[in-house]
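# Observations on chain architecture
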Amino acid sequence: MPRTTSQIEVVSTVSDAAIEVRSLHKSFGTLEVLKGIDFHVDKGEVVCVIGPSGSGKSTLLRCINLLETPTSGKIWVSGQDVTDPDVDIDAVRRSIGMVFQQFNLFPHLSVLENLTIAQRRVLRRSRSEADAVARANLERVGLTDKVTAYPAQLSGGQAQRAAIARSLSMGPELMLFDEPTSALDPELVGDVLEVMRGLAAEGMTMMVVTHEMSFAREVADRVVFMDDGIIVEEGRPEAVLGAPQHPRTRDFLARVLNPGRRASPSDGSLTEPTVS
């Protein structure tokens, strides 16, 4: 099925894109998860990727820094071909911050130590420099009072904010978020999203796989809807979320935003279910 774009599509080149993906395929055995993805994120852009579970969203994100190896296709990050067998993937990854569903903090290290260990071992920063960077980023995410705490002493929301601060401490050029609020209790989601809003306002390039439609509507420059391994529709949030053109997009949003209603087949508006 060809990709449907509801808005004027921005044509990007490898040289000016933070992320460029062309003809990306990914299979796990006989299961084809990504079926020829063409995708880009421009520098300073916030792109939210939405879609049902199993649509390939997280696999696409994980392919970008080769946490999953593509079956075929090309991926460039800041102009570097990460699918080139000779690429220094560790050097590329140093420019990418990634925040997972789970926080992946070292349980035996304090919050401060979690933020400084990679700085010192990978970036070769001194202890004093790493500490200063870590403390500045803990202030950015509202955790200055948790410097000496251990992960087990943090709420889920605090742990996720610490994970974001850890990524920021490496000085990334872009951030990848893989459903960062999906493992959180509902009352803890807001603090994490507020941190992400702040990053977007600062101009951070961000690709966010999310089920948080209000965040996508408010913060994203572009929303991409995926289903069954392809990009079905993409465009400005007010278009994709407010007036989707593709029937599959309308059906998905009707189920997510208004579980008791369905999408009108003619114009995408929501209608009350009939009672017979």
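Residues numbered from 1 in each chain as written. Predicted model: local features only at pLDDT ≥ 70, side-chain atom pairs only at ≥ 80, totals over all residues. Heavy atoms only, no water.

Before going further, it helps to spend a moment on the overall build of the chain. Within the chain, the regular secondary structure consists of nine helices and 13 strands. In the chain, 64% of the contacts between residues at least 6 apart in sequence involve partners at least 24 apart. When the accessible surface of the chain is totalled, it reaches about 12,900 Å², and 49% of it is carbon and sulfur. (Helix = DSSP H or I, 4+ residues; strand = E, 2+ residues; numbered from the N terminus. Contact = heavy atoms within 4.5 Å. Areas by Shrake-Rupley, 256 points an atom, 1.4 Å probe, with all protein chains shown as cover.)

Counted under the stated rule, the structure contains 17 salt bridges. Salt-bridge contacts for Lys35 lead to Asp228; the nearest nitrogen and oxygen are separated by 3.1 Å. One end of the pair, Lys35, is in strand β3 (residues 31-42); the other, Asp228, is in the loop between β10 (222-227) and β11 (230-235), and 193 residues separate them in sequence. A relative accessible area of 31% means that Lys35 is categorised as partly exposed. Close ionic contact of Arg248 with Asp251 constitutes a salt bridge, the shortest N to O distance being 3.4 Å. Residue Arg248 and its partner Asp251 are located together in helix α9 (residues 247-257), separated by three residues, close to a single helical turn. For Arg248, a relative accessible area of 26% translates into the label partly exposed. Because the salt bridges share partners, they merge into one network encompassing Asp227, Arg248, Asp251 and Arg255. (Salt bridge = Lys/Arg side-chain N within 4 Å of Asp/Glu carboxyl O. Buried < 20%, exposed > 50% of the residue type's maximum accessible area, 1.4 Å probe, protein only.)

This paragraph deals with the packing of helix α3 (residues 111-121) against helix α5 (residues 156-168). It is at 9 Å that the axes of α3 and α5 come closest, and there the two elements cross at 25°. One element, α3, and the other, α5, form an angle in the roughly parallel class. Note that α3 runs across α5; the crossing there is right-handed. Along its contact with α3, which presents Val111, Asn114 and Leu115, the element α5 presents Ala162, Ala165 and Arg166. (Axes fitted to C-alpha atoms, helices over the stretch in contact; angles between N-to-C directions. Parallel < 35°, antiparallel > 145°, perpendicular 65-115°, else oblique. Left-handed = near helix turned anticlockwise from the far one by under 90°.)

Our focus in this paragraph is the packing of aromatic side chains. In total, this model carries one aromatic pair according to the counting rule given. A ring pair is formed by Phe225 and Phe252, whose centres lie 5.1 Å apart and whose planes are at 35°; its orientation type is tilted. Of the two residues, Phe225 is situated in strand β10 and Phe252 in helix α9; the sequence distance between them amounts to 27 residues. According to the relative accessible area criterion, Phe225 is buried, its value standing at 0%. Here Lys26 stacks its cationic end above the ring of Phe28, 4.8 Å away from the centre of that ring. (Phe/Tyr/Trp six-rings, centres within 6.5 Å; stacked < 30°, edge-to-face > 60°. Lys NZ or Arg CZ within 6 Å of the ring centre and 35° of its normal.)

Turning next to the environment of Ala132. Counting through the fold element by element, Ala132 comes out in helix α4 (residues 127-140). Residue classification places Ala132 among the partly exposed positions, given a relative accessible area of 46%. Spatially, the C-alpha atoms of Ala132 and Ser169 are 9.6 Å apart, while their sequence positions differ by 37 residues.

On to helix α1 (residues 57-64). Of all eight residues in α1, seven are buried, a share of seventy percent or more. Regarding α1, the residues found buried are Lys57, Ser58, Thr59, Leu60, Leu61, Cys63 and Ile64. Taken from the residues just after α1, Leu66 is the one with a positive phi, measuring 65°.

So, about the side chain of Glu179. Summarising the element assignment, Glu179 is placed in the loop between β8 (174-178) and α6 (186-201). Among the residues examined, Glu179 registers a relative accessible area of 11% and is labelled buried. Apart from residues no more than four positions distant in its own chain, Glu179 is found in contact with Lys57, Ser58, Gln101, Val209, Thr210 and His211.

Our focus in this paragraph is the sheet that holds strand β6 (residues 80-81). As summarised here, the arrangement of the four strands in space is β3-β2-β5-β6, forming an open sheet in which the pairing is antiparallel. Here the strands that pair on one side only, and so sit at the sheet edges, are β3 and β6. In terms of strand pairing, strand β2 (residues 17-28) meets strand β5 (residues 72-77) through five bridges, oriented antiparallel. Paired with Ile19 across the strands is Val77, a residue of β5. (Pairing = 2+ DSSP bridges.)

Turning next to the environment of Asp90. Turning to its location among the elements, Asp90 is positioned in helix α2 (residues 89-93). Asp90 sits in the partly exposed class, given a relative accessible area of 47%.

Consecutive residues of a regular strand have side chains that alternate between opposite faces of the sheet. Judged by how many residues are buried, β8 sits mostly within the fold: five of five residues are covered. Burial along β8 is two-sided: the face carrying Leu174, Leu176 and Asp178 and the face carrying Met175 and Phe177 are both buried. Pairing analysis gives four bridges linking strand β7 (residues 96-99) to β8, with the strands arranged parallel. Within β8, the residue paired with Ile96 across the bridge is Leu174. Each parallel crossover has a hand, and the one from β8 via α6 to strand β9 (residues 205-209) is right-handed. (Right-handed = clockwise from strand over helix to strand, strands pointing away.)

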